Amino acid sequence: MKIAKWLLFAATALVCCGACDDKDNEEPAPGPDKIAITPKTANVSSKGGEASVMVTSSGEWTLTGDANDYVTPSVLKGKDGDIVKFTVKANDKEEDQTFNYTFTCGKEKAPYAITLKKKASQTEEQLEITFVPESNILTREGGDVSVLVTSSDKWTLEGSYTFVHPSATSGSDGAEVTFTVDPNETEEDKVADYIFKMGSKEVAFQITLKGGVIYTLEIVGEKELKFAYTKQDRIAVTLNTNVPYRDLAAEITSTEEGWLTKGVTVQGATETEAIMYFDMTQNNGLNPREASIKITGPEGGEDILKITQMPQSKISVEELSYYLETTGTTLEVPVAANVEFDVTLSESAGTWFSYSGMVDNKLKFTYQDLPEGTIRSCTATLTEKNPAEGTQPLTVVLMFSQKTKGMISTAVNMTGTRAWPAWTDPAPVTNMKAFTLEALVNPTVNRTSGSLSTIMGIEGKFLLRLGDVGIPWNQVQVAWDSGKQGTWGNIEGKLSNADMKLNVNEWTHVAVTFGEGTVKVFINGVEKGSTTTDVPSTVNFGIEHNDEQAPSGQTITRCFWVGYSYESARDFRGMMSELRIWNRALTADELANEARRYDVDPKSDGLVTYWKFDEGQGDVVKDHTTYRNDLASDGLKWETVSLP
């Protein structure tokens with residue numbers, strides 16, 4: 001016989017305590033005796049069956065009970081967590097029989113009673129049903145209701161409802177009928193009335209299925225979001241729901257804890273709109289991290305949101321510029337990346353330069369022999385696939401040039417670093433009435449509008465740089481002390497115009513001349529602008545070097561830098577070579593000579609500093625003049641080049 005399904009079996013929490021048996025005095029004192037059982041009672045059909053009990057105890061237990069011919073327990077003693085099965089024979093009497101047992105642990109006892117339902121009368125009509133009180137009143141989620149039938153003859157069940165499914169509609173004495181009830185999808189209660197019939201006997205049985213508000217919850221918009229690696233303080237998730245916003249809860253599941261947390265929940269623009277906020281820390285790792293968020297109401301409604309936070313995109317190559325041999329071959333470029341990327345070649349690659357894929361984290365390029373007397377170049381652009389929402393794809397541009405070996409073979413990439421002269425002999429650059437600053441530069445990084453990139457000079461005195469507020473970042477600007485005072489200090493004189501723009505990833509010769517109250521700018525030997533000024537009359541570049549740091553309230557002494565002015569964000573993001581200072585204003589004819597852009601005689605008239613950047617290694621740049629004002633640095637990254 002089956003045990004009644006309404007006798008629900010639930011395990012209680014284990015209780016930690018000492019043993020129930022007596023201990024020697026030398027052992028620690030035992031904890032208090034405890035024992036509990038689940039369930040405490042059981043009803044068994046008249047046809048017999050089984051009843052089970054779980055025992056929770058502080059130690060060993062024993063079982064005692066009424067001597068009878070109907071019930072046989074599986075064990076009479078045991079330990080914490082045991083399950084005892086009671087096998088019950090059919091009832092041959094026309095009355096209920098109750099059998100009492102006691103579980104004992106030390107001084108504590110737990111009673112247990114089994115009721116064996118009576119056998120139906122053999123002399124008169126009898127029809128009775130038994131069920132757990134109020135088990136026939138179900139919440140809107142539905143469930144099962146079990147009924148035991150006692151009958152003196154065969155019985156039938158009348159009643160039919162679409163939301164209730166009885167396990168049997170007829171049977172005999174001792175049968176168990178299970179009514180499976182579907183969930184209620186309406187706000188109204190549902191009632192199902194049944195009648196058990198046998199001969200002239202009838203027994204009514206009613207099932208009530210509660211209704212109520214149907215709570216709904218849905219995430220508005222995308223349910224799978226992808227973010228960049230940066231910190232996000234307020235990720236807003238809009239919900240369409242009739243659950244009060246204060247009752248909404250969010251359960252976050254992720255293999256990495258703590259990076260995503262729930263913030264406040266607020267009412268939206270309408271009664272059915274709620275906005276739930278989440279905070280996300282920065283992802284400093286190399287891999288994406290994911291979280292699943294289950295948003296629920298206390299009485300119904302649920303939706304799932306998935307959030308992916310990407311790591312900081314990385315596409316790293318050892319060199320950005322490559323100078324190819326004149327004889328064609330295959331070039332391998334090592335690359336380290338944590339994102340997928342596409343590789344596209346510029347139109348100038350034509351048929352002489354091709355990309356054949358990546359093997360073992362190396363990009364493979366093939367190029368052909370260089371025809372005699374020619375020069376050619378192209379670029380390969382590495383572009384991130386599937387960037388995080390709201391971010392631009394990461395791009396890296398590789399430059400390839402094929403030509404005969406040039407006069408200049410090394411240069412310094414000044415990105416993120418700076419250099420300065422110690423001025424072991426400052427005399428030639430002190431109080432200069434006329435001078436020329438010149439340099440070969442190659443900006444390799446696109447910067448935002450308004451950014452500054454310093455070539456060389458002294459902040460607030462005389463400075464050669466790119467960019468400024470209101471002009472493109474790649475436009476040459478000369479700034480000097482005009483001798484006038486403004487609200488924020490000295491007012492700068494400035495010279496810049498749209499003809500002074502430099503191309504990214506292209507070497508350009510820039511020169512500034514000063515003398516007789518005139519400032520001129522030359523780009524690749526061509527004058528692009530000039531202006532006259534009475535102030536300053538002289539410029540002193542030979543100020544003793546310092547880090548331009550001073551306690552609050554004290555004046556900072558500005559000094560001469562290469563690739564730096566005022567703050568580190570004004571570094572020159574690109575390559576430099578052939579930096580020179582002359583103590584005279586070079587003529588237009590001199591600057592128009594293309595060959596001298598790549599090399600001059602260190603003993604040339606008026607040449608007072610000459611930093612060729614041709615060492616190829618180390619952190620010091622030699623001054624090739626006799627004054628030996630070498631450049632020190634914060635560390636230099638050398639690059640292979642071929643100029644011209």
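Treat the numbers as computed from the prediction; the structure is a model and nothing was measured.

### Observations concerning the overall build of the chain
Along the chain, the regular secondary structure elements total one helix and 49 strands. Projecting the C-alpha coordinates of the chain onto the three principal axes gives extents of approximately 140 × 70 × 60 Å. When the 644 residues of the chain are sorted by exposure, 44% land in the buried category. Across the chain, every contact between residues at least 6 apart in sequence was considered, and the portion connecting residues at least 24 apart equals 64%. Surface exposure of the chain reaches about 32900 Å², of which carbon and sulfur atoms provide 47%.

### A look at a negative patch on the surface
Together, Glu222, Glu224, Glu290 and Glu389 make up a negatively charged patch on the protein surface. Relative to the assigned elements, Glu224 resides in strand β20 (residues 224–227).

### Remarks on the pairing of strand β4 (residues 61–65)
Relative to strand β6 (residues 77–78), β4 is paired through two bridges, and the arrangement is antiparallel. If you follow Trp61 over to β6, its bridge partner there is Gly78.

### What to know about the environment of Leu305
You can see Leu305 is positioned in strand β26 (residues 302–309). Judged by its relative accessible area of 1%, Leu305 falls in the buried class. Sequence-wise, Leu305 and Arg597 are 292 residues apart; in three dimensions their C-alpha atoms are separated by 61 Å. Apart from residues lying up to four places away in sequence, Leu305 is in contact with Ile219, Glu222, Lys223, Glu224, Leu225, Val237, Ala291, Ser292 and Ile293.

### Topic: the pairing of strand β42 (residues 508–515)
Among the eight residues of β42, eight are classified as buried, and the element is accordingly described as predominantly covered. Burial along β42 is two-sided: the residues Thr508, Val510, Val512 and Phe514 and His509, Ala511, Thr513 and Gly515 are all buried. Here seven bridges tie strand β37 (residues 435–443) to β42, and the two strands are oriented antiparallel to one another. When the sheet's bridge partners are listed, Ala439 is paired in β42 with Val510. Where β42 lies against strand β43 (residues 518–523), six bridges are found, and the strand directions are antiparallel. Within β43, the residue paired with Val512 across the bridge is Val521. Taken together, β42 and the strand that follows it, β43, pair antiparallel across an intervening segment of two residues, in which Glu516 is found at a positive phi of about 55 degrees.

### Regarding unusual backbone geometry
Note the cis peptide between Thr38 and Pro39, where omega equals -5 degrees. For Pro39, the location among the structural elements is in the loop between β1 (35–38) and β2 (41–44). A cis geometry characterises the amide bond from Leu643 onward to Pro644, with omega recorded as -5 degrees. Relative to the helices and strands, Pro644 is located in the segment after β49 (637–643). Located in the positive-phi region is Asn361, a residue other than glycine, with phi close to 60 degrees. Within the secondary structure layout, Asn361 lies in the loop between β31 (353–359) and β32 (362–367). We note that Asn524 has phi near 50 degrees; this positive angle belongs to a residue other than glycine. Assignment of secondary structure puts Asn524 in the loop between β43 and β44 (526–532).

### Details of the sheet that holds strand β7 (residues 83–88)
Here four strands make up an open sheet; going across it, the order is β1-β3-β7-β5 and the pairing antiparallel. Two strands bound the open sheet, and with one partner strand each, they are β1 and β5 (71–73). Taking each pair of neighbouring strands and ignoring which way they run, the sheet shows an average axis angle of 25 degrees. Relative to β7, β5 is paired through three bridges, and the arrangement is antiparallel. Its bridge partner being in β7, Thr72 is matched across the sheet by Thr87.

### Points about the sheet that holds strand β12 (residues 143–151)
With antiparallel pairing, four strands are arranged side by side in an open sheet as β10-β12-β16-β14. Looking along the sheet, the strands with just one partner apiece sit at the ends: β10 (127–130) and β14 (164–166). Adjacent strand axes in the sheet meet at a mean angle of 25 degrees when their direction is disregarded. Two strands pair when backbone bridges link them, and β12 and strand β16 (residues 176–181) are joined in this way by six bridges, in the antiparallel orientation. What sits directly across from Ser146, in β16, is Thr178.

### Quick notes on the pattern of salt bridges
A full pass over the atoms with the stated rule returns 29 salt bridges. Among the ionic pairs, Lys223 bridges to Asp303, the shortest N-O distance being 3.0 Å. Here the residue Lys223 occupies a position in the loop between β19 (217–219) and β20, and Asp303 occupies one in strand β26, the gap between them amounting to 80 residues. Lys223 gets classed as partly exposed once you look at its relative accessible area, which sits at 32%. Each of the salt bridges in this network shares a partner with another, and the network as a whole consists of Glu438, Glu578, Arg580, Arg596, Asp599 and Lys612.

### Comments concerning the environment of Thr454
Its place among the elements puts Thr454 in strand β38 (residues 453–458). For Thr454, a relative accessible area of 0% corresponds to the buried category. Considered as a pair, Thr454 and Leu127 are 327 residues apart in the sequence and their alpha carbons are 102 Å apart. At 2.6 Å, the side chain of Thr454 forms a polar contact with the side chain of Ser565.

### Remarks on the packing of aromatic side chains
The tally for this structure, following the rule as stated, stands at 27 aromatic pairs. When the centroid spacing of 5.3 Å and the interplanar angle of 40 degrees are considered together, the rings of Phe179 and Phe205 count as tilted. Remark: Phe205 occurs in strand β18 (residues 201–209) and Phe179 occurs in strand β16; sequence separation between them is 26 residues. Residue classification places Phe179 among the buried residues on the basis of a relative accessible area of 0%.

### Focus: the nonpolar core
Phe462, Phe541, Val562 and Trp611 are the most contacted members of the largest nonpolar core, which totals 43 residues. Broken down by secondary-structure element, the contributors of at least two residues to this core are β37, β38, β39 (462–468), β40 (471–486), β42, β43, β46 (574–582) and β47 (607–611).

### Regarding the side chain of Gln477
By the element assignment, Gln477 lies in strand β40. According to the relative accessible area criterion, Gln477 is buried, its value standing at 4%. Side chain to side chain, Gln477 and Asp468 meet in a polar contact 3.1 Å long.

### Details of the confidence of the model for the chain
Here the chain shows a mean pLDDT of 90. Residues at 70 or above account for 95%. Predicted confidence is poor over residues 1–25, with pLDDT under 50, and the contacts of this stretch with residues over four places away or in other chains come to 57 contacts.

Reading the values: the criteria
- Residues numbered from 1 in each chain as written.
- Predicted model: local features only at pLDDT ≥ 70, side-chain atom pairs only at ≥ 80, totals over all residues.
- Heavy atoms only, no water.
- Helix = DSSP H or I, 4+ residues; strand = E, 2+ residues; numbered from the N terminus.
- Buried < 20%, exposed > 50% of the residue type's maximum accessible area, 1.4 Å probe, protein only.
- Contact = heavy atoms within 4.5 Å.
- Areas by Shrake-Rupley, 256 points an atom, 1.4 Å probe, with all protein chains shown as cover.
- Patch = residues over 30% accessible without salt bridge, like charges linked within 9 Å, V, L, I, M, F, W, Y side chains within 5 Å.
- Salt bridge = Lys/Arg side-chain N within 4 Å of Asp/Glu carboxyl O.
- Lys, Arg positive; Asp, Glu negative; His and termini not counted.
- Charge placed at Lys NZ, Arg CZ, Asp CG, Glu CD.
- Pairing = 2+ DSSP bridges.
- Axes fitted to C-alpha atoms, helices over the stretch in contact; angles between N-to-C directions.
- Polar contact = N/O pair within 3.5 Å; in protein donor to acceptor, adjacent residues only side chain to side chain.
- Phe/Tyr/Trp six-rings, centres within 6.5 Å; stacked < 30°, edge-to-face > 60°.
- Core = buried A, V, L, I, M, F, W, Y, C linked by side-chain atoms within 4.5 Å.
- pLDDT = per-residue confidence, 0-100.

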